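Secondary and tertiary structure notes
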Amino acid sequence: MASVSLREIYKKYAGGVIAVSDFNIEIKDKEFIILVGPSGCGKSTTLRMIAGLEEISEGELYIGDRLVNDIAPKDRDIAMVFQNYALYPHMTVFENMAFGLKLRKVPKDEIARKVEEAARILDIAHLLDRKPKALSGGQRQRVALGRAIVREPQVFLLDEPLSNLDAKLRAQMRTEISKLHKKLGTTFIYVTHDQTEAMTMGDRIVVMKDGYIQQIDTPTNLYNSPVNQFVAGFIGSPQMNFIDAKLLKANGKYIVEFGSEDTKTSKGVKYTVEVPDSKVDEELLDPLVDQEVVLGVRPESLHDEEMFISSATTGVVNATVEVTEMMGAETYLYLTCEGIPLTARVSPRSTARPQDEIKIAIDPNRIHLFDKDTEKTVIN
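For the structure given in this document, a descriptive report is provided here. (Residues numbered from 1 in each chain as written. Predicted model: local features only at pLDDT ≥ 70, side-chain atom pairs only at ≥ 80, totals over all residues. Heavy atoms only, no water.)

Details of the packing of helix α4 (residues 137-149) against helix α5 (residues 167-184)
Note the following rule: Under this scheme, a helix contributes an axis fitted over its contacting stretch, all axes are lines through C-alpha atoms, and angles between N-to-C directions fall in the 0 to 180 degree range. Secondary structure follows DSSP: runs of H or I at least 4 residues long count as helices, runs of E at least 2 residues long count as strands, and numbering of each begins at the N terminus. Here roughly perpendicular refers to angles of 65 to 115 degrees, roughly parallel to angles under 35, roughly antiparallel to angles over 145, and oblique to all remaining angles. If you view the pair so one helix is near and one far, a crossing is left-handed when the near helix is turned anticlockwise from the far one by less than a right angle, and right-handed when it is turned clockwise. Residue contacts follow a heavy-atom distance rule, with two residues in contact if any of their heavy atoms lie within 4.5 Å. Residues are grouped as follows: Ala, Val, Leu, Ile, Met, Phe, Trp, Tyr, Cys and Pro are nonpolar; Asp, Glu, Lys and Arg are charged; every other residue, Gly included, is polar.
Contact pair α4 / α5: the axes reach a minimum separation of 11 Å and the direction vectors enclose 15°. Compared by their axis directions, α4 and α5 come out roughly parallel. Note on packing geometry: the crossing formed by α4 with α5 is right-handed. Together, G138, Q141, R142, L145 and I149 of α4 and L169, Q172, M173, E176, I177, L180 and L184 of α5 make up the contact between the two elements. Looking at the contact of α4 with α5 residue by residue, the classes come out as seven nonpolar, three polar and two charged.

So, in structure tokens, the structure goes:
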């Protein structure tokens, strides 16, 4: 087993294109790390550099205490699982799983033992004589994982391994891969664009954008304490609501004001949310007084229940229901408030229906505030 260290890693292509910039992370032995971000952010390129499939332009990559920049992929003691499974169609499941070991001249009885053990772990022992075309997508993915397991690598690299599966199977395989990680006790580095996968599987998550690391943290910290507006919007489903607002100060209190009041026609309404004392940091807030800011509110922090609305002293707004989505255990309300689109995650008992005019209470204890210019977080 091994730790992985990426130190000031860059990937530059001809023509001045920089795919990955100044990538730094220390991945602990047996850790499950997830690289997440939108398409083109550099996450798969980073994984391929760890695998040795892409050359590192600058920086140092260590697996354990060994510098591997110039070491061939086959000698790095890693195993990679691809999005498209990459199985040989003319070989049986057993032969696919055994292929890498045969190339290494491993004795036949040891190959059989390793393949059968991996097949048992993955519940595909009954499929060993079949060929890939006779397997479902989920079964093919298990075979691809099995082929990696039999090599007993120091590090597993997984590049969007579940993206070709349907939603139900994806959820099931997420659980299987998490259990597999605990069972094998190996370092896992996993790439996905699906933030649900990232939040449910990773010990730590690396959020990337445009080749740069935005934040590395635990799922809980990323969700509750994003460092900037991009991370706040990327992590969480439905995504955080962002409201253009202004920060004011009156009677020693900080107030976030938003809405569309027109002083000439007296049309529109201005709404305010008072920043709770527990969130106040004068050094951070004072420079932004009378400045434009962005108010961030997660959908579950918008409430349509009367008990919240009647007890709220600040942050109650009028909204029009555009669409309702019944999700079973919860309901999503898609709203507009003074032209501002909002999403609320409410109880399935909610009676709100499209075109209803309702009141929504913003929980002031759960607000986030971002600098309008830098998009950096001011308060979480």
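Describing the sheet that holds strand β5 (residues 66-67)
Test applied: Only strands joined by at least two bridges in the DSSP assignment are considered to pair.
An order of β2-β1-β4-β5 is seen for the four strands of this open sheet, with the pairing classed as antiparallel. Lying at the two open borders of the sheet, with one neighbouring strand each, are β2 (18-27) and β5. Of the strand pairs in this sheet, strand β1 (residues 4-12) and strand β4 (residues 58-63) are connected by five bridges, and their pairing is antiparallel. Along β4, the bridge assignment pairs Y10 with E58. Lying on the sheet, helix α1 (residues 43-51) is in contact with β1, β2 and β4; it crosses β1 at an angle near 115°.

Observations concerning the sheet that holds strand β11 (residues 241-250)
Strand order in this open sheet of six strands is β13-β12-β11-β14-β20-β21, and the pairing throughout is antiparallel. Taken across any chain shown, the strands that pair with only one partner, and hence form the sheet edges, are β13 (270-274) and β21 (377-379). With direction set aside, neighbouring strand axes in the sheet form an average angle of 40°.

Considerations on the side chain of T320
Applied cut-off: Polar contacts here mean pairs of N or O atoms no more than 3.5 Å apart (in protein, one a potential hydrogen donor and the other a potential acceptor; neighbouring residues in sequence count only if both atoms are side-chain atoms).
Take T320: it is sitting in strand β16 (residues 316-326). A distance of 3.0 Å separates the side chain of T320 from the side chain of E357, its partner in a polar contact. In contact with T320, not counting residues within four places along its chain, are Y334, L335, T336, Q355, D356 and E357.

Notes on the packing of aromatic side chains
Geometrically, a pair of aromatic rings is defined through the distance of the ring centres and the angle of the planes. Short version of the rule: Note on aromatic pairs: the rings of Phe, Tyr and Trp (six-membered ring only in Trp) are paired at centre separations within 6.5 Å, and the planes decide the class, stacked below 30 degrees, edge-to-face beyond 60, tilted for the rest. Burial here depends on accessible area, computed with a 1.4 Å probe over protein chains only, as a share of the maximum for the residue type. Under 20% is buried, over 50% is exposed, and the range in between is partly exposed. The rule is short: NZ of Lys or CZ of Arg within 6 Å of the ring centre and within 35 degrees of the ring normal puts a charge over the ring.
For the coordinates displayed, the defined rule picks out seven aromatic pairs. A ring pair is formed by F156 and F188, whose centres lie 4.8 Å apart and whose planes are at 35°; its orientation type is tilted. In this pair, F156 sits in strand β7 (residues 155-159) while F188 sits in strand β8 (residues 187-192), placing the two residues 32 residues apart along the sequence. The buried category is assigned to F188, whose relative accessible area is 0%. The interplanar angle of 75° and the centroid separation of 5.8 Å between the aromatic rings of F242 and F370 together place this pair among those described as edge-to-face. Pair noted here: F242 is in strand β11 and F370 is in strand β20 (residues 368-371), with a separation of 128 residues, a long-range link. Taking relative accessible area as the criterion, F370 reaches 0% and is therefore assigned buried. Positioned over the ring face of Y10 is K12, at 5.3 Å from the centre of the ring. It is R298 that lies over the ring of Y223; its NZ or CZ is 3.9 Å from the centre.

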